[in-house]
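# Architecture at a glance
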Amino acid sequence: MCKIEIKDLDLFYGDFQALKKVNMKIVENRITAFIGPSGCGKSTLIKTLNRMNDLVVGCHITGSVTLDGEDIYGDMDVNLLRKRVGMVFQKPNPFPMSIYDNIAYGPRTHGVRRKAMLDEVVEHSLRDAAIWEEVKDRLNNSALGLSGGQQQRLCIARALAVQPEVLLMDEPTSALDPISTGKIEELAVELKEKYTIAIVTHNMQQALRISDSTAFFLLGEVIETGETQNLFSMPQDKRTEDYITGRFG
Amino acid sequence: MKNLFDAQVEVLNRQMIEMCGMIENTLEDASDVLQKLDVKRAQEIIEGDAVIDRKEREIESLCLRMLLTRQPVAHDLRVVSSALKMITDMERIADHAADISEIVTMIQYEVVKQPAHFTAMSRTAVDMVHRAVDAYVRQDVELARVVIADDDIVDNLFVEVKQEIVDFMVKDSTRSIEGMDFLMIAKYYERIGDHATNIAEWVEYCVTGLYKGDVLR
């Protein structure tokens, strides 16, 4: 089922058009990968999905983005939108506070006060992000003391703590070693059972390993979308083939 | 600037063409040896098979290195994977040339007459190999499809040859060893036709992405 639908989306940063007539459906309980050379608009698009571009001066969009059929640029409360559509960034960005407080931050913002309830959310989120066993005995330690890979899983746990429906990941493993990368990839595949995931990646093999469908972007346009296996074995557009085989980009 | 992978593909193509040439030569030689019952040259073909085996290993390790270091996708992956599959068939073709030569070295009797359809069959099979190789070198799908279609001709000729052999063995039981030998040789040519077909199918896959009409994933 279609979770997010993007229709005729144009996005401008001032005079510069960063996205051109993007049309795409992001399907529930699947991993959709966005690939393309730097500056092609894939991060811009992913940020559009939970209105992270609202804060960019001079940014304006036309077209529509709907979440379960509801226009996210319409009457929808932005805080509520970001609760439903969580995000994980390229560089792990834990808050300078304890592991526990990092996870409890979101639920507290949304009004959860009871200690027992928070304890449960913290454990559940850390378990879902496959990091509970590594941190359960030091929940009160600073999150900044964790390794890069652990910090990234903590950030995923923090995103999960507010029970989102969609998880956006913008190059979540580009700063991580292969072991941590493997863990995040396994995690993404497990998480798609419960969530809808969109991931920006520069790693072609990663897109192949974990995503169900892939969209290739170039100069703000979606050149080709398709089932990942098809797109990587029989790309329909020569530009896609040239990019995924490393001939440009 | 040439992509590093493209440079490796060029090396791979050169090696493949070299191996193709080797099997074409050994196959021509085996057919000639069979006509002339030349035991000395038959022995040379058998010994030469090791050279082709080494070439197969060499190409195999190049392909594995390309897979390991470049992790190719799309057409690049098809180039490497089809080469890996084709060299197995090419090596088998060379094995059969050696098998035919080995039978020649053991013939102790006067060959009265080769079965009437035998020459047509062996020529067609050898010709299939030539054209399969050509189709690979030129990445020519149409030619590959002709080779695939020709396999039926070889198969039908094999049935004819088999019947001829049965007939003369029934008439003259003293020629039964000759009959058995030629039945085996005919079978080797029939298999050579099958391997040429396989090569052509991998050429088709490499160019179009379809293997026997299906998408391989």
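Residues numbered from 1 in each chain as written. Chains lettered and ligands numbered in written order. Predicted model: local features only at pLDDT ≥ 70, side-chain atom pairs only at ≥ 80, totals over all residues.

### What to know about the overall build of chain A
When you go through chain A residue by residue, the secondary structure sums to ten helices and ten strands. For 249 residues, the compact-globule estimate of 2.2 N^0.38 gives 18 Å, and the C-alpha radius of gyration of chain A, at 18 Å, lies within 12% of that figure. Along the first, second and third principal axes, the C-alpha set of chain A runs to 55 × 40 × 35 Å. The burial tally for chain A puts 44% of its 249 residues in the buried class. For chain A, contacts bridging at least 24 residues in sequence account for 68% of all contacts bridging at least 6. (Helix = DSSP H or I, 4+ residues; strand = E, 2+ residues; numbered from the N terminus. Rg over C-alpha atoms; globule rule 2.2 N^0.38 Å. Buried ≥ 20, exposed ≤ 12 C-beta atoms within 10 Å, placed from the backbone. Contact = placed C-beta atoms within 7 Å.)

### Quick look at the interface of chain A and chain B
Each side of the interface is counted separately: chain A has twelve residues, and chain B has eleven residues. Broken down by element, the residue count for the side of chain A that touches chain B peaks at three residues, all from helix α9 (residues 228-233) of chain A. Broken down by class, the residue content of the side of chain A that touches chain B amounts to five nonpolar, five polar and two charged. (Nonpolar A, V, L, I, M, F, W, Y, C, P; charged D, E, K, R; others polar.)

### Let's talk about unusual backbone geometry
At D8 of chain A, a residue that is not glycine, the phi angle is positive and equals roughly 45°. Within the secondary structure, D8 of chain A sits in strand β1 (residues 2-13).

### Thoughts on the pairing of strand β10 (residues 221-227) of chain A
Residue and element names in this part refer to chain A. Looking at chain direction, strand β9 (residues 213-218) and β10 are connected through six bridges and run antiparallel. Pairing of T214 across the sheet is with G226, part of β10. If you look at the hairpin formed by β9 and β10, you'll find two residues sitting between the two strands, and L219 has a positive phi there, around 50°. (Pairing = 2+ DSSP bridges.)

### A few points about the sheet that holds strand β7 (residues 166-170) of chain A
Residues and elements named next belong to chain A. Taken in spatial order, the six strands make up an open sheet running β6-β7-β8-β3-β9-β10, and their pairing is mixed. Every interior strand has two partners, whereas the edge strands, β6 (85-88) and β10, have only one. If you compare each strand with its neighbour and ignore which way they point, the axes differ by 20° on average. Pairing between strand β3 (residues 31-35) and β9: four bridges, direction parallel. Looking at the pairing, A33 lines up with T214 of β9. (Axes fitted to C-alpha atoms, helices over the stretch in contact; angles between N-to-C directions.)

### Looking at the confidence of the model for chain B
Averaged over every residue, the pLDDT of chain B is 93; residues scoring 70 or more account for 99%. Confidence metrics for the complex model read pTM 0.85 and ipTM 0.78. (pLDDT = per-residue confidence, 0-100.)

### A few points about the packing of helix α1 (residues 4-36) of chain B against helix α4 (residues 118-138) of chain B
How two helices sit against one another is set out by the angle between their axes and by the gap between those axes. All names here are of chain B. Two elements in contact, α1 and α4, have axes whose closest approach is 10 Å; the angle formed by their N-to-C orientations is 170°. In terms of axis orientation, α1 runs roughly antiparallel to α4. Contacts between α1 and α4 involve M16, I17, C20, I23, E24, L27 and S31 from the first element and S122, V126, V129, H130, V133, Y136 and V137 from the second. Partitioned by chemical class, the residues of the contact of α1 with α4 number ten nonpolar, three polar and one charged. (Parallel < 35°, antiparallel > 145°, perpendicular 65-115°, else oblique.)

### Looking at the sheet that holds strand β4 (residues 59-67) of chain A
Residues and elements named next belong to chain A. In space, the four strands of this open sheet follow the order β2-β1-β4-β5, with antiparallel pairing throughout. Each end of this open sheet is capped by a strand with a single partner; those strands are β2 (16-27) and β5 (70-71). Of the pairings in the sheet, the one linking β1 to β4 comprises eight bridges and is antiparallel in character. Across the sheet, the residue bridging to F12 is H60, located in β4.

### Quick notes on the confidence of the model for chain A
The share of residues in chain A with pLDDT of 70 or more is 100%, and the mean pLDDT across the chain is 94. Across chain A, element-level confidence peaks in β3 of chain A with a mean pLDDT of 98 and bottoms out in helix α7 (residues 178-191) of chain A with 91.

### Focus on helix α5 (residues 141-171) of chain B
For α5 of chain B, with 31 residues, the first-to-last C-alpha span of 46 Å sits near the 45 Å given by 1.5 Å per residue. Turning to α5 of chain B, its buried residues are A144, V147, I148, D150, V154, L157, F158, V161, E164 and I165 of chain B. (Expected span 1.5 Å × (residues − 1).)

### Let's talk about the environment of A196 of chain B
Residue and element names in this part refer to chain B. Among the secondary structure elements, A196 is positioned in helix α6 (residues 176-208). Placed 78 residues apart in sequence, A196 and F118 show a C-alpha to C-alpha distance of 18 Å. Discounting residues that sit within four places of it in the chain, A196 has contacts with A125, M128, V129, A132 and V147.

### With respect to the pairing of β2 of chain A
Across eight bridges, the pairing between β1 of chain A and β2 of chain A is antiparallel. Bridging from a neighbouring strand, I4 of chain A pairs with I26 of chain A of β2 of chain A.

### Looking at the packing of helix α6 (residues 148-160) of chain A against α7 of chain A
Residue and element names in this part refer to chain A. At a closest axis distance of 9 Å, the pairing of α6 and α7 adopts a crossing angle of 20°. Classified by the angle between their axes, α6 and α7 sit roughly parallel to one another. With respect to the hand of their crossing, α6 and α7 are arranged in right-handed fashion. Counting all contacts with α6, which are made through G148, G149, Q152, R153 and I156, the residues of α7 involved are I179, S180, K183, I184 and L187. Class assignment for the residues of the contact of α6 with α7 results in four nonpolar, four polar and two charged. (Left-handed = near helix turned anticlockwise from the far one by under 90°.)

### Section: the nonpolar core
A general tendency of soluble globular proteins is for nonpolar side chains to be buried together. Residue and element names in this part refer to chain B. Core analysis: the biggest nonpolar cluster contains 124 residues, and V129 and A132 have the highest contact counts within it. Of all the elements, α6 adds the most residues to this core, at 13 residues. Apart from residues no more than four positions distant in its own chain, V129 is found in contact with I23, E24, L27, I93, I192 and A196. (Core = buried A, V, L, I, M, F, W, Y, C linked by C-beta atoms within 7 Å.)

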